[in-house]
Amino acid sequence: MKKLLVAFAAVAAFAAHADELTVAATPVPHAEILEFVKPALAKEGVDLKVKVFTDYIQPNVQVAEKRLDANFFQHQPYLNEFNKAKGTNLVAVAGVHLEPLGAYSSKYKALTELPGGANVVIPNDATNGGRALLLLAKAGLIKLKDSNNILSTVKDITENTKDLKFRELEAATIPRVLTQVDLALINTNYALEAKLDPSKDALVIEGNDSPYVNILVAREDNKDSDAMKKLVAALHSPEVKAFILEKYKGAVLPAF
């Protein structure tokens with residue numbers, strides 16, 4: 001009985017002194033990585049709560065409105081565009097991993113097999129849409145006005161010899177239409193959720209030199225808090241690096 005009371009006292013003491021940190025994340029791999037570091041953070045006195053989202057808007061909105069402490073789902077170009085469009089001032093705290101964007105097809109085994117007039121779906125947000133077009137340009141399917149402009153749109157296509165027909169959809173919904181189109185440009189987190197293997201199923205995929213590192217994002221007023229620093233240290237640990245490499249088999253790459 002005495003041991004039980006001591007255990008209860010320890011739990012109560014932790015609850016009283018723990019720093020609570022609530023972080024928004026998309027399910028794969030972000031939420032999985034956060035769940036992995038929970039035990040280590042608990043030992044550091046941080047009670048990490050992970051709130052899962054399936055869209056790219058609300059995680060930023062709710063951090064900006066101080067309903068959440070931080071989020072983990074996006075890269076810097078997307079954050080820059082969001083801040084500019086919404087008038088927010090969210091900041092990057094640390095880079096964690098890279099999710100190469102890839103092009104997938106349920107009908108064809110190679111880009112060379114795409115027929116004339118093929119239907120291609122790309123993300124409808126500015127940075128990931130541009131990112132998709134840059135990948136297709138690098139693969140030789142199209143040419144763009146500026147092959148380095150991450151905000152390129154379909155209006156910037158200067159050459160389209162296969163007369164590809166482009167449609168823009170919210171990134172999270174693209175895997176659902178994969179069987180209905182000829183080619184789909186899918187972010188790796190959504191590809192993994194759809195049980196696709198980016199290293200095997202993508203017809204073309206970004207290389208390790210991609211600038212789209214996924215980042216932990218917070219506000220100016222809390223980015224340097226003790227709890228946030230402990231979260232960054234946990235995310236940059238050798239254990240997390242090993243977890244990413246083992247679990248995702250190259251579909252997700254550590255960026256630290």
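- Looking at an unreviewed UniProt entry, one finds the protein named D-methionine transport system substrate-binding protein and attributed to Pseudomonas arsenicoxydans.
- Note on the protein: under the UniProt heading Subcellular location (unreviewed entry), the record states "Membrane".
- As stated in UniProt under Sequence similarities (unreviewed entry), the record for the protein gives "Belongs to the NlpA lipoprotein family."

1. Things to note about the nonpolar core
(1) Moving on: Core analysis: the largest hydrophobic core is formed by 31 residues, its most contacted members being Val23, Leu34, Leu48, Leu216 and Leu231.
(2) Moving on: Mapped onto this core, the elements with two or more residues apiece are β1 (19-25), α2 (27-43), β2 (46-52), β3 (70-75), β4 (91-98), β12 (213-218), α8 (226-235) and α9 (238-248).
(3) Moving on: Setting aside residues no more than four positions away along its own chain, Leu34 makes contact with Val23, Ala25, Leu48, Val50, Phe72, Leu231 and Leu235.
(4) Moving on: Counting residues in hydrophobic clusters, the runner-up holds 25 residues, among them Leu101, Leu133, Ile157 and Leu183.

2. Topic: the pairing of strand β6 (residues 119-123)
(1) Moving on: In terms of residue burial, β6 counts as a mostly covered element, since 4 of its 5 residues are buried.
(2) Moving on: Direction of pairing for β6 relative to strand β9 (residues 165-169): parallel, over a ladder of 5 bridges. Residue pairing in the sheet places Asn119 in a bridge with Lys165 of β9.
(3) Moving on: Across 2 bridges, the pairing between β6 and strand β10 (residues 183-186) is parallel. Residue pairing across strands places Val120 opposite Leu183, the latter belonging to β10.

Rules of the game
Residues numbered from 1 in each chain as written. Predicted model: local features only at pLDDT ≥ 70, side-chain atom pairs only at ≥ 80, totals over all residues. Heavy atoms only, no water. UniProt positions renumbered as here; feature names shortened; annotations may be inferred. Core = buried A, V, L, I, M, F, W, Y, C linked by side-chain atoms within 4.5 Å. Buried < 20%, exposed > 50% of the residue type's maximum accessible area, 1.4 Å probe, protein only. Helix = DSSP H or I, 4+ residues; strand = E, 2+ residues; numbered from the N terminus. Contact = heavy atoms within 4.5 Å. Pairing = 2+ DSSP bridges.

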